[in-house]
Amino acid sequence: MLALVKAVRNGIIDENPVFRLVLGLCPSLAVTTAMVNGFWMGMAVIFVLTCSNLFIALIRGVVPSKIRIPAFIVVIATFVTIVDLMMKAYVPEMYKTLGIFIPLIVVNCIIMARAEAFASRNSPIVSVADGVGMGLGFTLSVMVIGAVRELIGTGNLNLFGFALFGQGLGSDPAMVAVLPPGAFITMGLMLALINAAQRRKAKASVGGEA
Amino acid sequence: MAVTRPMLLSASPHLRAALGVPQAMRDVVIALFPAVVMGVIYFGPYAAAVVALAVVASVGTEYALCRLAKAPVTTSDWSAMVTGLLLGLNLPPTVPLWLPVVGGVVAIALVKRIYGGLGHNFLNPALAARALLVAAWPARMTTWVSPFDGISTPTPLAQLVPRAAEGLGAPPAYLDMFIGNTAGCIGETSAAALLIGALYLLLRGVIDWRIPVAFIGTVAAVTWAFGPLGWFTGDFIAHILAGGLILGAFYMATDWVTSPMTRRGRVYMGIGCGLITVLIRLWGGYPEGVSYSILLMNIATPLIDRYTAPRPFGAARR
């Protein structure tokens, strides 16, 4: 049980795919113009990552290692197709917004990396926990980036149809935050902040031992 | 045998020039003074407030961030003040007063200090901040007014290049554009004031003539060749005097940190800036391209330096 909690926690904090491993940057930069986009993107990734981790862990004994990558891709593509069709059917508006980035989950580095580095060498149950943790880590990261960009770029925060600040903060939001440059600037500053916090933590622990 | 001074032992060079960073930066501030005066005469005390706030925000941010990082406070090298002045002069005279403050903070914090301060920034801080402000508040950054009466007017550049569905407007007289009696950013309209300052900088040896001459020469040649009415009919004098070309070529493309070190490289930098400026002005989506051209060539500067590095005497050819 402890191993499962640890695997989930690892995905959210210690090895957060976006902020610590710096993987999956394409959707993290491209669809994070609003927090809600980040949420749906994250849901899709959690589903694909959890299911593909489970299946890859199940078949890892029978797939010859020479053809493991094509086998992983077939498994991942299956679940991406499921998500793609589901979202098209049930959340068509969001499907339109996320566009090409849903099918592109097939080639998402996070999912390939977890299949290769984790699911292909661990038991199915731990692999599922890893998938959930990594997926949650990704979801939280893109939601935070989306929230910051939405807040600065539009002066408001849309919580599933409910505007947090009513008429919006100020009359003059900095539009650049929801444009591509804003994605890179926000991402860079957040990475810098997290690295600084990490460094401070490391320094504090070294100081405590000395 | 009382030793009054500790002996300094260091590697060569041993001769020190009187011209250092603080002196050079102070010279730039002096050189920009006529442009500030003309801007205030044309656009009123409000323009002075815009420029002053940009300077205060830049210097204040530099001071605060140095203290925060427990680094030596570098506000006394005048460089933050130059950044603030250039930023203020690059803003339209109609912007709300919080905009120069945001710009100053962005220029110093995001473009300069975050990379390690003066000498480590790869972009000109004032220009990068301007580009960000244009992307963030496009309408506010392109609202132009005529001098003295403050009636909203297009800039000479908008009249110089025919856009879709618009005819060729009549640009202002050369004399008005030379003394600065046109719409534009606070410090860019008066070519005369900028040239007086530029002459001072050239005589003091602060800037190299190669970048501005190559820059302005390229713009003149290409706008003349690709005229609106056929080959070699372009109004290149208006293209030189309009927009931010003189301000950019003499004061910002020549930034020590973000321009090439070699003489040949500086010529390439000027030509590159000129070509990009004309591309944007004549065929691009924006009326003015000086700021983007300089930013793009800033990024190319390390590459230019690498390929124009002189071969040491006797070294083998690569």
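Conventions we followed
- Residues numbered from 1 in each chain as written.
- Chains lettered and ligands numbered in written order.
- Predicted model: local features only at pLDDT ≥ 70, side-chain atom pairs only at ≥ 80, totals over all residues.
- Helix = DSSP H or I, 4+ residues; strand = E, 2+ residues; numbered from the N terminus.
- Rg over C-alpha atoms; globule rule 2.2 N^0.38 Å.
- Buried ≥ 20, exposed ≤ 12 C-beta atoms within 10 Å, placed from the backbone.
- Contact = placed C-beta atoms within 7 Å.
- Expected span 1.5 Å × (residues − 1).
- Core = buried A, V, L, I, M, F, W, Y, C linked by C-beta atoms within 7 Å.
- Nonpolar A, V, L, I, M, F, W, Y, C, P; charged D, E, K, R; others polar.
- Axes fitted to C-alpha atoms, helices over the stretch in contact; angles between N-to-C directions.
- Parallel < 35°, antiparallel > 145°, perpendicular 65-115°, else oblique.
- pLDDT = per-residue confidence, 0-100.
- Left-handed = near helix turned anticlockwise from the far one by under 90°.

## Regarding the overall build of chain B
- Along its length, chain B carries 13 helices and 2 strands.
- The C-alpha radius of gyration computed for chain B amounts to 21 Å, which stays within 12% of the reference 20 Å derived for 318 residues, consistent with globular compactness.
- In terms of overall dimensions, chain B has C-alpha extents of about 80 × 50 × 30 Å along its principal axes.
- Across the 318 residues in chain B, those meeting the buried criterion constitute 48%.
- Intrachain contacts of chain B at a sequence separation of at least 6 include 72% that bridge at least 24 residues.

## What to know about the overall build of chain A
- Counting its secondary structure elements, chain A contains 8 helices and 2 strands.
- Mapped in sequence order, the helices and strands of chain A form the string α-α-α-α-α-α-α-β-β-α.
- If you line up chain A on its principal axes, its C-alpha atoms span 60 × 60 × 30 Å.
- Within chain A, the proportion of its 210 residues that are buried is 37%.
- The long-range share in chain A, meaning contacts at least 24 apart out of those at least 6 apart in sequence, stands at 76%.

## Looking at helix α5 (residues 125-136) of chain B
Residues and elements named next belong to chain B.
- Taking 1.5 Å as the rise per residue, α5 with 12 residues should run 16 Å; its terminal C-alpha atoms sit 16 Å apart, in good agreement.
- A large share of α5 lies buried, amounting to 10 of its 12 residues.
- Within α5, burial applies to Pro 125, Ala 126, Leu 127, Ala 128, Ala 129, Arg 130, Ala 131, Leu 132, Leu 133 and Ala 136.
- Taken together, the buried residues of α5 touch α3 (79-89), α4 (98-112), α11 (245-252) and α13 (290-307).

## Overview of the nonpolar core
- Core analysis: the largest hydrophobic core is formed by 90 residues, its most contacted members being B:Val51, B:Leu89, B:Ala128 and B:Ala129.
- The biggest single contributor to this core is helix α1 (residues 21-43) of chain B, with 9 residues.
- Once residues within four sequence positions are removed from consideration, B:Ala129 is found in contact with B:Leu87, B:Gly103, B:Val106, B:Ala107 and B:Val111.
- Among the nonpolar cores identified, the runner-up in size contains 35 residues, and A:Leu23, A:Phe55, A:Ile110 and A:Met134 belong to it.

## Quick notes on the interface of chain B and chain A
- Each partner contributes residues to the interface: chain B has 4 residues there, and chain A has 6 residues.
- When its residues are assigned to classes, the side of chain B that touches chain A shows 4 nonpolar, no polar and no charged.

## What about the packing of α1(B) against helix α2 (residues 45-68) of chain B?
All names here are of chain B.
- Orientation of α1 relative to α2, taken along the N-to-C sense of each, is 140°, at an axis distance of 6 Å. Here α1 lies oblique to α2, going by the angle between them. Contacts between α1 and α2 involve Val 36, Gly 39, Val 40 and Phe 43 from the former and Pro 45, Tyr 46, Ala 47, Ala 48 and Val 51 from the latter.
- When the residues that make up the contact of α1 with α2 are grouped by side-chain class, the tally is 8 nonpolar, 1 polar and no charged.

## What to know about the environment of B:Ala48
- Tracing the backbone shows B:Ala48 in helix α2.
- For the pair B:Ala48 and B:Gly274, spaced 226 residues apart in the sequence, the C-alpha separation amounts to 30 Å.

## Points about the environment of A:Leu157
All names here are of chain A.
- For Leu 157, the position within the fold is in the loop between α7 (124-154) and β1 (158-159).
- Residue classification places Leu 157 among the partly exposed positions, given that 19 C-beta atoms sit within 10 Å.
- Taking the C-alpha atoms as reference points, Leu 157 and Gly 146, separated by 11 residues in sequence, lie 9.5 Å from one another.
- Beyond its immediate sequence surroundings of up to four residues, Leu 157 is in contact with Met 35, Ala 147, Glu 150, Leu 151, Leu 164 and Phe 165.

## Considering unusual backbone geometry
Residue and element names in this part refer to chain B.
- Positioned with a positive phi, Lys 70 is a non-glycine residue whose angle comes to about 50°.
- Following the sequence through the fold, Lys 70 ends up in the loop between α2 and α3.
- For Lys 70, a count of 6 C-beta atoms within 10 Å puts it in the exposed group.
- We note that Phe 148 has phi near 65°; this positive angle belongs to a residue other than glycine.
- Considering the arrangement of structural elements, one finds Phe 148 in the loop between α5 and α6 (156-160).

## Some words on the confidence of the model for chain B
- Looking at chain B, pLDDT values average 89 and 95% of them are 70 or higher.
- Quick note on the complex model: pTM equals 0.86, ipTM equals 0.80.

## Let's talk about the packing of α2(B) against α4(B)
Residue and element names in this part refer to chain B.
- Taken N-terminus to C-terminus, the directions of α2 and α4 make an angle of 35°; their axes are 8 Å apart at the nearest point. Along this stretch, α2 crosses α4, giving a crossing that reads as right-handed. Judged by residue contacts, Val 50, Leu 53, Ala 54, Ala 57, Ser 58, Thr 61, Glu 62 and Leu 65 of α2 engage Pro 100, Val 101, Gly 103, Gly 104, Val 105, Ala 107, Ile 108 and Ala 109 from α4.
- Grouping the amino acids of the contact of α2 with α4 by side-chain chemistry returns 11 nonpolar, 4 polar and 1 charged.

## Side note on the environment of A:Glu15
Residue and element names in this part refer to chain A.
- Position of Glu 15 among the secondary structure elements: in the loop between α1 (2-14) and α2 (25-30).
- The exposure class of Glu 15 is partly exposed, given the 18 C-beta atoms found within 10 Å.
- Each C-alpha atom of the pair Glu 15 and Ala 119 lies 16 Å from the other, and the pair is 104 residues apart in sequence.
- Residues contacting Glu 15, with those up to four places away along its chain left out, are Asn 10, Arg 20 and Leu 21.

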